[in-house]
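Okay, here's what each chain looks like letter by letter:
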Amino acid sequence: MSRTGIKDLAAIADKDERLILGLMSGTSLDGLDIALCRIHGSGLGTEVTLKSFLTSPYTEDFKESIRAVFAKRTIDLQALTLLNTMIAETHARLIQDALSAWNVSHQDVDLVASHGQTIYHAPLSLHGLADQPNATLQLGDGDHIARRTGIITCSDFRQKHVAAGGEGAPLAAYGDLLLFSDENKDRVLLNIGGISNLTFLPNAASKARAFSSDIGPGNTIMDALAQRDFGQAYDDGAVIARQGKVNTALLKAMLSEPFLNLPIPKTTGPELFSLPWAESFLPDEAPSSLDLMATLNQLTAETIANAIRALPAKDPEVFVSGGGAHNPLLRERLDQWLPGISIQTTDALGIDPDAKEAILFALVANELVAGEAETFKDRLHGGPAVTMGKISLPD
């Protein structure tokens, strides 16, 4: 039976387990991650089984439409308005294609959890306007997704976080805390996407609290350089970076960026860490593109290692997800900079590292309909105790 109204939503909330489609579209714009999750329970008793996962690639025209407004302060307002619907309609079509490929009926799916597409992230720490609030903007209207798919849709998760006093990012702790905490071990869930971020999960005896924080650049600047100078979407296998040499003077200059020395938790985005940002540090005799790629790879590794060493933990277990988990040179450098620390992908915890962020938003939607904000009270440092998301009904 199709679930489309408030009474149906109440019935979904009362179920022991729910089938939720988690969606994530990151700053790399490679495509839409779609994770079909069976979620049992809620809160600290949550259990997740990933039933199916795929990344549906975006067309070049679609990517260019997003790039026309992404992280830009001056844009075409009509283009932005149209894009809000265009992203939702595209995501709805990709959902339908995925369900068809998996031979799953939309009537069997309880919820869609749609992160949307971040267009601009503007916390106070970035915009610097003392009389203005934190803000963030994601496009891809939930009503359009609900209407096109026939599935109740939870979306626009970051706004509640901002409204409750947070910066709207990162939200990973709201899922990582539920799934990955260990009573005896300190853990770090490291996600290397466009921006690198981590969740710190202290052991039960620790007086520390869990938190998520952005660290600095992940793949975003390396991807931009690969696209501009090498005609590639990204530095596949770190082939480009391995051909270059680290420019130590440039690296030192980039590491002087004030954000990198701010205490954590903190948040940032491509609005700061971009190719123009990196090139603003170039010396008079600019390095080759190969050397610049090698230096950017080292920058990401060092900023991550510095952040992990600053945590209130000794030799935590580190579990990596995101596109950077597939960069072998980056992984080698992390091992070099963090000797004695176990670094594995989230496969070791039973979670596909490529699917982790999409799973996260399925968890956030599950908490919205079946959990409670009290779960996070006094457990998160720098994160408000809230459930997040807006609900769109198909009818």
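Residues numbered from 1 in each chain as written. Predicted model: local features only at pLDDT ≥ 70, side-chain atom pairs only at ≥ 80, totals over all residues. Heavy atoms only, no water.

Peer 1: When you look at the sheet that holds strand 11 (residues 343-345) in this model, what are you seeing that I'm missing?
Peer 2: The strands that make up a sheet are held in pairs by hydrogen bonds between backbone atoms, and each pair lies either parallel or antiparallel. Across the sheet, which stays open at both edges, the five strands sit in the order 9-8-7-10-11 with mixed pairing between neighbours. A strand with exactly one partner marks an edge of an open sheet, and here the two such strands are strand 9 (211-217) and strand 11. This sheet shows a mean twist of 25° between the axes of neighbouring strands, independent of strand direction. Across six bridges, the pairing between strand 8 (residues 195-201) and strand 9 is antiparallel. Pairing of Ile195 across the sheet is with Pro217, part of strand 9. In this fold helix 12 (residues 289-309) packs onto strand 7 (187-192), strand 8, strand 9 and strand 10 (317-321), with an angle of close to 150° to the strand it touches most, strand 9. Sitting on the sheet, helix 13 (residues 328-337) touches strand 7 and strand 11, and the angle it makes with strand 11 is about 150°. (Pairing = 2+ DSSP bridges. Helix = DSSP H or I, 4+ residues; strand = E, 2+ residues; numbered from the N terminus. Axes fitted to C-alpha atoms, helices over the stretch in contact; angles between N-to-C directions. Contact = heavy atoms within 4.5 Å.)

Peer 1: Got a minute to help me understand the side chain of His121 in this structure?
Peer 2: Mapping His121 onto the fold places it in strand 4 (residues 111-122). Here Thr267 takes part through its side chain, which lies 3.0 Å from a polar atom of the side chain of His121. Leaving out residues up to four positions away in the same chain, His121 has contacts with Leu126, Ala135, Thr136, Glu167, Gly168, Ala169, Thr267, Thr268 and Glu271. (Polar contact = N/O pair within 3.5 Å; in protein donor to acceptor, adjacent residues only side chain to side chain.)

Peer 1: How do you make sense of the packing of helix 8 (residues 220-230) against helix 12 when you look at a structure like this?
Peer 2: Helix packing geometry: the angle between the two helix axes and the distance between the axes. At a minimum axis distance of 10 Å, the contact between helix 8 and helix 12 shows a crossing angle of 170°. In terms of orientation, helix 8 lies roughly antiparallel with respect to helix 12. With respect to the hand of their crossing, helix 8 and helix 12 are arranged in left-handed fashion. Two secondary-structure elements touch here, helix 8 through Ile221, Met222, Leu225, Ala226, Asp229 and Phe230 and helix 12 through Ser289, Leu290, Leu292, Met293, Leu296, Asn297 and Thr300. (Parallel < 35°, antiparallel > 145°, perpendicular 65-115°, else oblique. Left-handed = near helix turned anticlockwise from the far one by under 90°.)

Peer 1: Please explain the nonpolar core as it appears in this structure.
Peer 2: As a rule of thumb, nonpolar side chains are buried together in soluble globular proteins. Of all hydrophobic cores here, the largest spans 40 residues; its most connected members are Leu111, Phe157 and Ile359. Going through the elements one at a time, helix 1 (6-14), strand 1 (17-25), strand 2 (31-40), strand 4, helix 7 (173-180) and helix 14 (356-370) are the ones with two or more residues in this core. Here this core takes 10 residues from helix 14, the largest share from any one element. In this structure Phe157 touches Ala113, Ser114, His115, Leu171, Phe361, Val364, Ala365, Met388 and Gly389, once residues within four positions along its chain are discounted. (Core = buried A, V, L, I, M, F, W, Y, C linked by side-chain atoms within 4.5 Å. Buried < 20%, exposed > 50% of the residue type's maximum accessible area, 1.4 Å probe, protein only.)

Peer 1: What am I meant to see in the pairing of strand 3 (residues 47-57) here?
Peer 2: On a regular strand, one side chain projects to one face of the sheet and the next to the other, so that they alternate. Here 10 bridges tie strand 2 to strand 3, and the two strands are oriented antiparallel to one another. Within strand 3, the position partnered with His40 by the bridge is Glu47. Hairpin connection of strand 2 to strand 3: six residues between the antiparallel strands, including Gly41 at a positive phi of 75°.

Peer 1: So what exactly am I meant to see when it comes to the state of the cysteines here?
Peer 2: Linking two cysteines covalently via their sulfur atoms produces the bond known as a disulfide. Overall, the coordinates contain zero disulfides when judged by the stated rule. For the unlinked cysteine Cys154, the closest cysteine sulfur is that of Cys37, found at 13 Å. (Disulfide = S-S within 2.5 Å.)

Peer 1: In this structure, what is going on with the packing of aromatic side chains? I would like to understand it.
Peer 2: Describing an aromatic ring pair means giving the distance of the ring centres and the angle of the ring planes. Considering all chains together, one arrives at seven aromatic pairs under this definition. Seen from their ring centres, Phe259 and Phe273 are 5.7 Å apart, and the 75° between their planes marks the pair as edge-to-face. Of this pair, Phe259 sits in the loop between helix 10 (248-254) and helix 11 (275-279) while Phe273 sits in the loop between helix 10 and helix 11, placing them 14 residues apart in sequence. The buried category is assigned to Phe273, whose relative accessible area is 0%. Ring centres of Trp277 and Phe281 lie 5.0 Å apart, and the angle between their planes is 70°; this geometry places the pair in the edge-to-face category. (Phe/Tyr/Trp six-rings, centres within 6.5 Å; stacked < 30°, edge-to-face > 60°.)

Peer 1: Whenever I open this one, unusual backbone geometry confuses me. Can you help?
Peer 2: In most cases, non-glycine residues show a negative phi, while peptide bonds are predominantly trans. Each neighbour pair has its own omega, and for Ala169 with Pro170 the value is -20°, a cis peptide bond. Tracing the chain through its elements places Pro170 in the loop between helix 6 (158-163) and helix 7. For the peptide bond that leads from Ile264 to Pro265, omega is 10°, which places it in the cis range. By the secondary structure assignment, Pro265 is in the loop between helix 10 and helix 11.

Peer 1: Is there a simple way to think about empty space enclosed by the protein in this case?
Peer 2: Leftover empty space is mapped by rolling, across the atoms, a probe with the size of a water molecule. As enumerated under the stated definition, the model contains three cavities of 30 Å³ or more in all. Taken as a whole, the largest cavity holds about 50 Å³ of empty space. Surrounding the largest cavity, Gly175, Asp176, Leu179, Phe180, Ile351, Lys356, Ile359, Leu360 and Leu363 form its lining. For the lining of the largest cavity, the elements supplying multiple residues, two or more each, are helix 7 and helix 14. Here the residues of the lining of the largest cavity are counted per class, giving six nonpolar, one polar and two charged. (1 Å grid on protein atoms, 1.4 Å probe; cavity = no way out; pocket = protein on both sides within 12 Å on 5 of 7 lines; lining within 4 Å. Points joined across faces, edges and corners; volume = space filled by probe spheres on them. Nonpolar A, V, L, I, M, F, W, Y, C, P; charged D, E, K, R; others polar.)

Peer 1: Explanation requested: the environment of Leu380 in the structure shown.
Peer 2: Checked against the element boundaries, Leu380 lands in the loop between helix 14 and strand 12 (390-392). Placed 168 residues apart in sequence, Leu380 and Ser212 show a C-alpha to C-alpha distance of 8.4 Å. Apart from residues lying up to four places away in sequence, Leu380 is in contact with Ala173, Tyr174, Leu177, Arg209 and Ala210.

Peer 1: I would appreciate a short explanation of the layout of surface pockets in the present structure.
Peer 2: Estimated volume of the second largest pocket: approximately 390 Å³. Taken together, 17 residues form the lining of the second largest pocket, with Thr27, Phe70, Thr220, Ala224 and Pro270 sitting closest to its centre. Secondary-structure elements contributing two or more residues to the lining of the second largest pocket are helix 8 and helix 11. The residue makeup of the lining of the second largest pocket, split by class, is eight nonpolar, five polar and four charged.

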